[in-house]
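Each chain, written out:
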Amino acid sequence: MKISPVVMAAVVLASSLALAQGRPRAEVTTLVEADGMHAGSTVRIALQVSLPDGLHVQSDKPRDPMLIPTVLTIDPPAGVAVAAIVYPEPTDFAQAGQKVPLAVFERRFVIGVMLTLDRSLELGDVVVPARFRYQACNVSTCFAPAREDTRWVLKVVPASTPVNTRLAEVFDRIRFHR
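Here we summarise the structure given alongside this text. Predicted model, so just to flag it, every value in this text is computed and none were measured.

1. With respect to the packing of aromatic side chains
Geometrically, a pair of aromatic rings is defined through the distance of the ring centres and the angle of the planes.
Okay, step 1: Overall, the coordinates contain 4 aromatic pairs when judged by the stated rule.
Okay, step 2: Geometrically, the ring pair formed by Tyr 87 and Phe 105 is stacked, given 6.4 Å between the ring centres and 5° between the ring planes. Separated by 18 residues along the polypeptide, Tyr 87 in the loop between β6 (80-86) and β7 (91-93) and Phe 105 in strand β8 (residues 102-106) bring together distant segments of the chain. With respect to class, Tyr 87 is no different from Phe 105; both count as buried.
Okay, step 3: Considering the side-chain rings of Phe 132 and Tyr 134, the 5.1 Å spacing of their centres and the 25° angle between planes classify their relative orientation as stacked.

2. Some thoughts on the state of the cysteines
Okay, step 1: Counting across every chain of the model gives 1 disulfide.
Okay, step 2: Shown here is the disulfide that connects Cys 137 with Cys 142, its sulfur atoms set 2.1 Å apart. Measuring handedness by torsion sign, the sulfur bridge of Cys 137 and Cys 142 sits at about 105° and is right-handed.
Okay, step 3: Overall, the relative accessible area of 1% leaves Cys 137 in the buried class.

3. Focus on the sheet that holds strand β4 (residues 56-58)
Okay, step 1: On the basis of which strands lie adjacent, the open sheet formed by 4 strands has the order β7-β8-β4-β11 and antiparallel pairing. In this open sheet, the two edge strands, each paired with only one partner strand, are β7 and β11 (136-137).
Okay, step 2: Pairing analysis gives 2 bridges linking β4 to β11, with the strands arranged antiparallel. Opposite Val 57, over in β11, you have Ala 136 as the bridge partner.

Definitions and cut-offs
- Residues numbered from 1 in each chain as written.
- Predicted model: local features only at pLDDT ≥ 70, side-chain atom pairs only at ≥ 80, totals over all residues.
- Heavy atoms only, no water.
- Phe/Tyr/Trp six-rings, centres within 6.5 Å; stacked < 30°, edge-to-face > 60°.
- Helix = DSSP H or I, 4+ residues; strand = E, 2+ residues; numbered from the N terminus.
- Buried < 20%, exposed > 50% of the residue type's maximum accessible area, 1.4 Å probe, protein only.
- Disulfide = S-S within 2.5 Å.
- Pairing = 2+ DSSP bridges.

Below, the structure is given as structure tokens:
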């Protein structure tokens, strides 16, 4: 059976459109280690990323410079500075036809961030916006790069107010001091 070039082109176009419309998206959740912050302190926050089953993204430092890295960009407001962004250790992903495995982040991972708050920061909520850029791939296809805009809301409290830490099971696993 012979397929006409027009039918083949229509099938390819339909497949491309289906992939573009069904592009997988990462689910991102912002986490804050404490229920309040003091001006002049260091704060730990994190971005928890969940990908659909069977997907991965390139690490922040792919072995092949032609690949698109995963990048978290923080846009700190006045009085807030980014001290560190800590990506997880990548996993080796053997891909057919490649001699060197890819360095990837798989299904669920957490990116840690250390912020320093200026002593002059006013009390109240401080919004820290960010952009998460990634390219989701499965074993055979890499989808178009995507971006998720997100933000953390930090609550700056008086120095006399005690703050409680939380989410130790997440923050203790982030290698902030490697």
